[in-house]
Amino acid sequence: MASVQEAIDVDVPIRVAYDQWTQFESFPQFMGGVERITQLDDTHTHWVTNIDGVKREFDAEITEQRPEERVAWTSTSGEAKHAGVVTFHRLDDAKTRVMIQIDWEPTGIVEKAGAALGFDDRQVKADAKKFKEFIESRGTETGAWRGEVSRPDQP
């Protein structure tokens, strides 16, 4: 299992940063390799990715979501086995730290070599920077979903 963590400070209020992360269908605007995400319902998404010519489709489930705190997900079908969590930390009224952690199972020699050489770390770092540019240039989120999703072992 491979893992990457990244933190980035964005010059928007925590509500704006969090709300944008609930708009999964906007991810292709700032995530390299993500062609399309379709929100199927409040807790399920379908992803289409194309990374270095390798096209994959998979479904993911939002396993935990707490407004202005965290969004967590895990893949439920398809070749791409991964899970992640994004947390949001208020630094002041107009600045938020966004912390991203993604765990995945590289498959095939190319993905395993890429993970070993740190390509995945660089991609997540680049995507975090693109998110910062995207949200700061807009100054507001493209939409919001303020519902909560709890893990089954928590109320």
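Because the structure is predicted, anything quoted here is derived from the model rather than measured.

How each quantity is defined
Residues numbered from 1 in each chain as written. Predicted model: local features only at pLDDT ≥ 70, side-chain atom pairs only at ≥ 80, totals over all residues. Heavy atoms only, no water. Pairing = 2+ DSSP bridges. Helix = DSSP H or I, 4+ residues; strand = E, 2+ residues; numbered from the N terminus. Axes fitted to C-alpha atoms, helices over the stretch in contact; angles between N-to-C directions. 1 Å grid on protein atoms, 1.4 Å probe; cavity = no way out; pocket = protein on both sides within 12 Å on 5 of 7 lines; lining within 4 Å. Points joined across faces, edges and corners; volume = space filled by probe spheres on them. Core = buried A, V, L, I, M, F, W, Y, C linked by side-chain atoms within 4.5 Å. Buried < 20%, exposed > 50% of the residue type's maximum accessible area, 1.4 Å probe, protein only. Contact = heavy atoms within 4.5 Å. Phe/Tyr/Trp six-rings, centres within 6.5 Å; stacked < 30°, edge-to-face > 60°. Polar contact = N/O pair within 3.5 Å; in protein donor to acceptor, adjacent residues only side chain to side chain.

## Some points on the sheet that holds strand β1 (residues 2-10)
Whether parallel or antiparallel, the strands of a sheet pair through hydrogen bonds between backbone atoms. Ordered by their spatial adjacency, 7 strands build an open sheet running β1-β7-β6-β5-β4-β3-β2, and the pairing between neighbours is antiparallel. Of all the strands in the sheet, the pair left with one neighbour each is β1 and β2 (34-41). Along the sheet, successive strands turn relative to each other by an average axial angle of 20 degrees, direction set aside. For β2 and strand β3 (residues 44-51), the ladder comprises 6 bridges, and the chain directions are antiparallel.

## Considering empty space enclosed by the protein
Within the structure shown, the criterion is met by 1 cavity of 30 Å³ or more. Taken as a whole, the largest cavity encloses approximately 30 Å³ of empty space. Around the largest cavity, the lining residues are F24, T45, W47, A60, I62 and W73. Looking at the lining of the largest cavity, the elements that each hand over two or more residues are β3 and β4 (54-66).

## Looking at the nonpolar core
Counting residues in each nonpolar core, the largest one holds 34 residues, and the members touching the most others are V10, W21, F27, F88 and V98. For this core, the secondary-structure elements that each account for two or more residues are β1, α1 (14-21), β2, β4, β5 (70-78), β6 (82-92), β7 (95-104) and α3 (119-138). Setting aside its immediate chain neighbours within four residues, W21 contacts F27, M31, V86, F88, V98, I100 and F131.

## Examining the packing of aromatic side chains
Summed over all chains, the structure comprises 10 aromatic pairs. Ring geometry for Y18 against F88: centres 5.4 Å apart, planes inclined by 80 degrees, an arrangement best described as edge-to-face. Of this pair, Y18 sits in helix α1 while F88 sits in strand β6, placing them 70 residues apart in sequence. On the accessibility criterion, Y18 (0% relative accessible area) is buried. Since its relative accessible area comes to 4%, F88 is described here as buried. The interplanar angle of 40 degrees and the centroid separation of 5.4 Å between the aromatic rings of F30 and F134 together place this pair among those described as tilted. You can see F30 sitting in the loop between α1 and β2 and its partner F134 sitting in helix α3, a full 104 residues away along the chain.

## Some details on the pairing of β1
Every second residue of β1 is oriented toward a common face, the buried set being A2, V4, E6, I8 and V10 and the non-buried set S3, Q5, A7 and D9. Here 9 bridges tie β1 to β7, and the two strands are oriented antiparallel to one another. Residue pairing in the sheet places V10 in a bridge with T96 of β7.

## What to know about the environment of F134
Taking relative accessible area as the criterion, F134 reaches 11% and is therefore assigned buried. Taking the C-alpha atoms as reference points, F134 and Q29, 105 residues apart in sequence, are found 7.8 Å from one another. If sequence neighbours within four positions are ignored, F134 has contacts with Q20, Q29, F30 and T142.

## As for the side chain of T22
Residue placement: T22 occurs in the loop between α1 and β2. Residue T22 is classed as buried on the basis of its relative accessible area of 4%. In this structure the side chain of T22 is engaged in a polar contact, spanning 2.6 Å, whose partner is the backbone oxygen of D19.

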